[in-house]
Amino acid sequence: MTLLPSRTNTWHRPSTLFAAGLVVTALACVVAMVVDQRTVLGAPVWAKLLKFAISGALYFFTWGWLVSLLPRFRRTAHVATSVVIVLFAAEYVVMVFQAVRGRPSHFNNATPLDNTLFQLMGGMVATIWIATLVLTVLLMFTRLEDRATHWAVRTGAVISLIGIGLGALMTGPTAAQQQALNATGVSALVGAHSVGVPDGGPGLPILGWSTTGGDLRIPHFTGMHALQLLPLVALGLGLLATRVPRLRDSAVRVRLVWVATFGYAGLVALVTWQALRGESLIHPTAATLAAAGALLVAVALGGFASVYRPTRELVR
């Protein structure tokens, strides 16, 4: 319960400074959205940059903490994290450049310059994923005093890595784009967030996720932020343990973290399945509701069994 505050002075400094810079950048994007009300594919031109800045700030603050937990391989982790920072910053600069021009930054194949910039960003993202894979593997060597946090950090990093990788689902041409490519060899856009409907249609406030079709940004976002949410579950259980005697047993908290991990992984799988079927998040079909209900029941039963099952010593 004291792990996080006690280590703040040892956090990976470049990550935390970059995260703080992204917070400032997010505020600048809010101002830009007020001043510059242009739109690209139906969305405010600065909205994507705002979301990237907020998401990136959470990501780098978290890794700033996680790198500080490594008992060894600190130099390798520092190099991998620095690579991610540099590439994320470079990708962000490209996105700003395209926003200033009033052009889409992703999937843009309209001109040779647009295509080159998108391909460059694709290479950056692939390298970021590889560097994150290295960091995730290194995290497997971390042993934390609190066993619930120990497992939440590991499982959160793995699901987050999968979530980042799910972004690759957006890069293939849609049916309409493939038809244009087959007919003329040219398509202004290759790839899309939305499934079953064009990008830029009606969407949720702020997030922009499609309300009329599937949206692959949902599983990408949900999976990526397991890195924050699962450790927060462990932290919350630790705080509750001061008031709930049963939670003072480390084995109980570990079991609950594994239930949360199962539930979160199931949620990522569910929203991925939903998006790929072209189904809006807010208009689920009976099949989606049934799957969600089964997942909720499984998590509830798992939670109940975790708390009331007789405690046995867990294998570390």
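Our structure is the block above this text.
All of the points below concern the structure found in this document. It should be emphasised that the depicted structure is a prediction, and the values quoted were computed from it without experimental measurement.

1. Comments concerning the overall build of the protein
Next, step 1: Helix and strand counts for the protein stand at 11 helices and four strands.
Next, step 2: Its C-alpha radius of gyration of 21 Å places the protein within 12% of the 20 Å reference for a compact globule of 316 residues.
Next, step 3: Its C-alpha atoms give the protein principal-axis dimensions of roughly 65 × 50 × 35 Å.
Next, step 4: The burial tally for the protein puts 44% of its 316 residues in the buried class.
Next, step 5: The long-range fraction of contacts in the protein, counting pairs at least 24 apart against all pairs at least 6 apart in sequence, stands at 68%.
Next, step 6: Working note: accessible area of the protein is about 15,800 Å², and carbon and sulfur atoms make up 71% of it.

2. So, the packing of aromatic side chains
Next, step 1: Following the criterion strictly, the structure yields 10 aromatic pairs and no others.
Next, step 2: Both rings, one in tryptophan 209 and one in phenylalanine 221, keep their centres 5.5 Å apart while their planes meet at 65°; by these two values the pair is edge-to-face. A residue pair is termed long-range when its members are at least 10 positions apart, and tryptophan 209 in the loop between β3 (194-195) and β4 (214-215) and phenylalanine 221 in helix α8 (residues 217-224) qualify at 12 residues.
Next, step 3: Assessed through its relative accessible area of 36%, phenylalanine 221 is described here as partly exposed.

3. What about the side chain of threonine 136?
Next, step 1: Of note, threonine 136 is situated in helix α5 (residues 112-139).
Next, step 2: When sequence neighbours within four positions are dropped, the list of residues in contact with threonine 136 reads Trp63, Ala157, Val158 and Leu161.

4. Points about the packing of α8 against helix α10 (residues 250-276)
Next, step 1: α10 packs onto α8 with a crossing angle of 170° between their chain directions and a minimal axis gap of 8 Å. Taken together, the axes of α8 and α10 are roughly antiparallel relative to one another. Remark: the crossing between α8 and α10 carries left-handed chirality. Listed contacts from α10 to Ile218, Pro219, Thr222 and Gly223 of α8 are Tyr264, Leu267, Val268, Val271, Thr272 and Ala275.
Next, step 2: In the contact of α8 with α10, the residues fall into seven nonpolar, three polar and no charged.

5. Side note on unusual backbone geometry
Next, step 1: Despite not being glycine, phenylalanine 73 has its phi angle at roughly 60°, a positive value.
Next, step 2: As for its position among the elements, phenylalanine 73 is in the loop between α3 (47-68) and α4 (74-101).
Next, step 3: In this structure, isoleucine 206 is a non-glycine residue whose phi angle is positive, near 70°.
Next, step 4: Its location among the elements puts isoleucine 206 in the loop between β3 and β4.
Next, step 5: Looking at isoleucine 206, the relative accessible area reads 75%, which means it is exposed.

6. Some thoughts on the pattern of salt bridges
Next, step 1: This structure, assessed with the given rule, holds six salt bridges.
Next, step 2: Close ionic contact of arginine 217 with aspartate 215 constitutes a salt bridge, the shortest N to O distance being 2.8 Å.
Next, step 3: According to the relative accessible area criterion, arginine 217 is buried, its value standing at 19%.
Next, step 4: Given a relative accessible area of 1%, aspartate 215 falls into the buried group.

7. Let's talk about the packing of α4 against α5
Next, step 1: Where α4 contacts α5, the axes come no closer than 9 Å and their chain directions differ by 155°. Looking at the two axes, α4 sits roughly antiparallel to α5. The two elements α4 and α5 cross, and the hand of that crossing is left-handed.
Next, step 2: Residue composition of the contact of α4 with α5, by class: 20 nonpolar, five polar and three charged.

8. Concerning the environment of glutamine 177
Next, step 1: Mapped onto the fold, glutamine 177 is located in helix α7 (residues 175-184).
Next, step 2: What makes glutamine 177 buried here is its relative accessible area of 11%.
Next, step 3: The spatial distance from the C-alpha of glutamine 177 to the C-alpha of tryptophan 11 is 45 Å, given a sequence separation of 166 residues.
Next, step 4: Those residues in contact with glutamine 177, other than ones at most four positions away along the chain, are Gly172, Ser187, Leu189, Val190 and Gly191.

9. A few points about the side chain of histidine 225
Next, step 1: Among the secondary structure elements, histidine 225 is positioned in the loop between α8 and α9 (226-240).
Next, step 2: For histidine 225, a relative accessible area of 6% translates into the label buried.
Next, step 3: Engagement of the side chain of histidine 225 in a polar contact is seen with the side chain of serine 55, the distance being 2.9 Å.
Next, step 4: Setting aside residues up to four positions removed in sequence, histidine 225 forms contacts with Ser55, Leu58 and Tyr264.

10. Digging into the environment of alanine 260
Next, step 1: The residue alanine 260 is located in helix α10 in this model.
Next, step 2: Sequence separation between alanine 260 and leucine 229 is 31 residues, and the spatial gap between their C-alpha atoms is 9.7 Å.
Next, step 3: Excluding residues within four positions of it along the chain, alanine 260 makes contact with Leu230 and Val233.

11. Remarks on the nonpolar core
Next, step 1: Within the largest apolar cluster, 51 residues are counted, with the highest numbers of intra-cluster contacts made by Leu49, Tyr59, Phe60, Trp63, Leu66, Phe88 and Leu139.
Next, step 2: Counting only elements with at least two residues in this core, the list comes to α2 (13-35), α3, α4, α5 and α6 (147-165).
Next, step 3: With near-sequence residues (within four places) excluded, leucine 66 lies in contact with Leu139, Val153 and Leu227.
Next, step 4: Formed by 17 residues, the second largest nonpolar core is a distinct cluster that contains Ala148, Leu237, Leu247 and Val257.

Quick notes on the rules
- Residues numbered from 1 in each chain as written.
- Predicted model: local features only at pLDDT ≥ 70, side-chain atom pairs only at ≥ 80, totals over all residues.
- Heavy atoms only, no water.
- Helix = DSSP H or I, 4+ residues; strand = E, 2+ residues; numbered from the N terminus.
- Rg over C-alpha atoms; globule rule 2.2 N^0.38 Å.
- Buried < 20%, exposed > 50% of the residue type's maximum accessible area, 1.4 Å probe, protein only.
- Contact = heavy atoms within 4.5 Å.
- Areas by Shrake-Rupley, 256 points an atom, 1.4 Å probe, with all protein chains shown as cover.
- Phe/Tyr/Trp six-rings, centres within 6.5 Å; stacked < 30°, edge-to-face > 60°.
- Axes fitted to C-alpha atoms, helices over the stretch in contact; angles between N-to-C directions.
- Parallel < 35°, antiparallel > 145°, perpendicular 65-115°, else oblique.
- Left-handed = near helix turned anticlockwise from the far one by under 90°.
- Nonpolar A, V, L, I, M, F, W, Y, C, P; charged D, E, K, R; others polar.
- Salt bridge = Lys/Arg side-chain N within 4 Å of Asp/Glu carboxyl O.
- Polar contact = N/O pair within 3.5 Å; in protein donor to acceptor, adjacent residues only side chain to side chain.
- Core = buried A, V, L, I, M, F, W, Y, C linked by side-chain atoms within 4.5 Å.

By themselves, these observations are geometric and do not establish any function.
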